[in-house]
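So the chains spell out like this:
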Amino acid sequence: MPLSDQVKQRNDALYAFADKIVTLSTGALTLSTIFRSSLVGAQPVQLWLLKLAWAGFSIAILAGTVWHFGRVRVHAKVIKQLLEREDIAAAAPSLFFKV
């Protein structure tokens, strides 16, 4: 298998992993926020631990979102560079294509 295919598979796996982390963190944050009263109870003992978990989930969500946005930006830059180097009019994107 060529190296470029290996790199593509590695990148796909990495982005899929980041997507799963964001999905799980979003679900955990949502559920723990909704059911906070049943998780903590009347007299919370370790409320700081729940807040720390919320902060961790929030950081994971923000980092994953920035990560995916960076991927989109990289692809947009590559497309722009490829379009600048092309001299063939047929290679230009259609009217509805936005970078």
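Residues numbered from 1 in each chain as written. Predicted model: local features only at pLDDT ≥ 70, side-chain atom pairs only at ≥ 80, totals over all residues. Heavy atoms only, no water.

### Some details on the packing of aromatic side chains
Right, on to step 1. Under the defined criterion, the tally for this structure stands at one aromatic pair.
Right, on to step 2. Geometrically, the ring pair formed by Y15 and W67 is edge-to-face, given 5.8 Å between the ring centres and 65° between the ring planes. Of the two residues, Y15 is situated in helix α1 (residues 3-34) and W67 in helix α3 (residues 47-85); the sequence distance between them amounts to 52 residues.
Right, on to step 3. Relative accessible area serves as the criterion here: at 40%, W67 is assigned to the partly exposed category.
Right, on to step 4. One cation-aromatic arrangement involves R71 over Y15; the distance from NZ or CZ to the ring centre is 4.1 Å. (Phe/Tyr/Trp six-rings, centres within 6.5 Å; stacked < 30°, edge-to-face > 60°. Helix = DSSP H or I, 4+ residues; strand = E, 2+ residues; numbered from the N terminus. Buried < 20%, exposed > 50% of the residue type's maximum accessible area, 1.4 Å probe, protein only. Lys NZ or Arg CZ within 6 Å of the ring centre and 35° of its normal.)

### A word on α1
Right, on to step 1. End to end, α1 covers 47 Å across 32 residues, agreeing with the expected 46 Å (1.5 Å per residue, within 8%).
Right, on to step 2. Residues of α1 that are buried: Y15, A18, V22, S25, L29 and S32. (Expected span 1.5 Å × (residues − 1).)

### Some details on the packing of α1 against α3
Right, on to step 1. Relative orientation of the contacting elements α1 and α3 amounts to 145°, with a least axis distance of 9 Å. For the pair α1 and α3, the crossing hand works out as left-handed.
Right, on to step 2. Taken together, the residues of the contact of α1 with α3 sort by class into 13 nonpolar, eight polar and three charged. (Axes fitted to C-alpha atoms, helices over the stretch in contact; angles between N-to-C directions. Left-handed = near helix turned anticlockwise from the far one by under 90°. Nonpolar A, V, L, I, M, F, W, Y, C, P; charged D, E, K, R; others polar.)

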